[in-house]
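Breakdown of the fold
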Amino acid sequence: MPKKKTGARKKADKMRERQRAIQSGGIEGRSLVDFPCNALMTCDKCQRIQKNRAFCYFCNCLQKLPMCAQCGKTKCQQKSGDCVIKHPNQFTTGMGMVGAICDHCEAWVCHGKKCLETHGCACPCIESECYECKRTVWDHGGRLFVCSFCRYNICEDDQMEHQASCQVLESENYKCGSCNKVGQFSCLRCKVCYCDDHVRRKGIKAERNVALKCPKCQFELRETKDLSMSTRKYEFGRQTMENDNDYDDYQGFYQNHDFGGPEGFSFGGVKAERCPSSDSEEYDSEEEEDDDGVESGLEQLQIS
């Protein structure tokens, strides 16, 4: 059996992986979920799981052991370090450890000089607006994620739904957006395919080991064959439904679709139904009844 790793060995392996990530891509090479400002937190009072923040999103309660948004520590053990508030011969936790609240991620930052100076400009939640619902960290209690296809920020509520519908083209076929050829490359932000002639067009120099850029938004292109791209489709038309007494020859006159208006026909949430008779039809029926009453009165006068 392999030997069990000690705490020092685990710490060394973690530090080695961190240094490798810094050398490869810096902050961009690190996943957004791994940042302490985007870590999970359980409220001490309501016991609800949420993103790391200074106050609970649900009950607005202050946490007993706040976590630093930059270094991720909950206890300051530096007796003689870069702490702005000196605490010789004692460790600090709770509110004695914090120094500020970040405006971007809404989390505590410890009183270390390095964390206070660097986190405000390097916070990964600066552009934290969700692409789907347009909410920021202050408007929802969940964590932030980055879509693996279009690289947009997505909140925890819309993560699964966005990932499922991200690889859908805006066109009805896989042809190039500038010509009629089959698109070999796809832009996952514009949702458009491009052929090889328009990607490697005149004036664009392709570099080795560097992804080609989209002609429209300059986002990295990916080959369509490596993705599970699907085209846009429409679901409309006459659908067979219950037989209507007035429209026996036109089965399915009303379709099982939401049109979105105030009455039966509406563009969101209401099933199409038969509209009641209008005011003009009721007025015509009243006039016909009045005419019938007048004619019957005249007949009675003539008989008498």
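**Things to note about the packing of aromatic side chains**
This structure, assessed with the given rule, holds three aromatic pairs. Both rings, one in Y57 and one in F58, keep their centres 5.3 Å apart while their planes meet at 90°; by these two values the pair is edge-to-face. Assessed through its relative accessible area of 43%, F58 is described here as partly exposed. Here the guanidinium or amino end of R48 rests over the ring plane of F58, the centre of that ring lying 4.6 Å away. Here R189 stacks its cationic end above the ring of Y152, 4.3 Å away from the centre of that ring.

**Observations regarding the confidence of the model for the protein**
The predicted coordinates should not be examined in detail at positions where pLDDT is low. On average, residues of the protein score 76 in pLDDT, and 71% of them are at 70 or above. Taken element by element, the predicted model of the protein shows its lowest mean pLDDT in helix α5 (residues 279-303) (60) and its highest in strand β6 (residues 108-110) (91). Ignoring residues within four places in sequence, the model shows residues 247-272, a span with pLDDT below 50, making 52 contacts including any to other chains.

**Let's talk about unusual backbone geometry**
Within the chain, E106 stands out as a residue other than glycine whose phi angle is a positive 60°. Relative to the assigned elements, E106 resides in the loop between β5 (98-101) and β6. One non-glycine residue, R151, lies in the positive phi region at around 65°. Its place among the elements puts R151 in the loop between β7 (144-146) and β8 (153-155). Residue class for R151 comes out partly exposed when judged on its relative accessible area of 47%.

**Brief notes about the environment of D82**
Along the chain, D82 falls in the loop between β3 (75-76) and β4 (92-93). For the pair D82 and C115, spaced 33 residues apart in sequence, the C-alpha to C-alpha distance is 9.6 Å. When sequence neighbours within four positions are dropped, the list of residues in contact with D82 reads H111, G112, K113 and K114. Within the structure, D82 has its side chain in polar contact with the backbone nitrogen of K114 (distance 3.3 Å).

Cut-offs and rules
Residues numbered from 1 in each chain as written. Predicted model: local features only at pLDDT ≥ 70, side-chain atom pairs only at ≥ 80, totals over all residues. Heavy atoms only, no water. Phe/Tyr/Trp six-rings, centres within 6.5 Å; stacked < 30°, edge-to-face > 60°. Buried < 20%, exposed > 50% of the residue type's maximum accessible area, 1.4 Å probe, protein only. Lys NZ or Arg CZ within 6 Å of the ring centre and 35° of its normal. pLDDT = per-residue confidence, 0-100. Helix = DSSP H or I, 4+ residues; strand = E, 2+ residues; numbered from the N terminus. Contact = heavy atoms within 4.5 Å. Polar contact = N/O pair within 3.5 Å; in protein donor to acceptor, adjacent residues only side chain to side chain.

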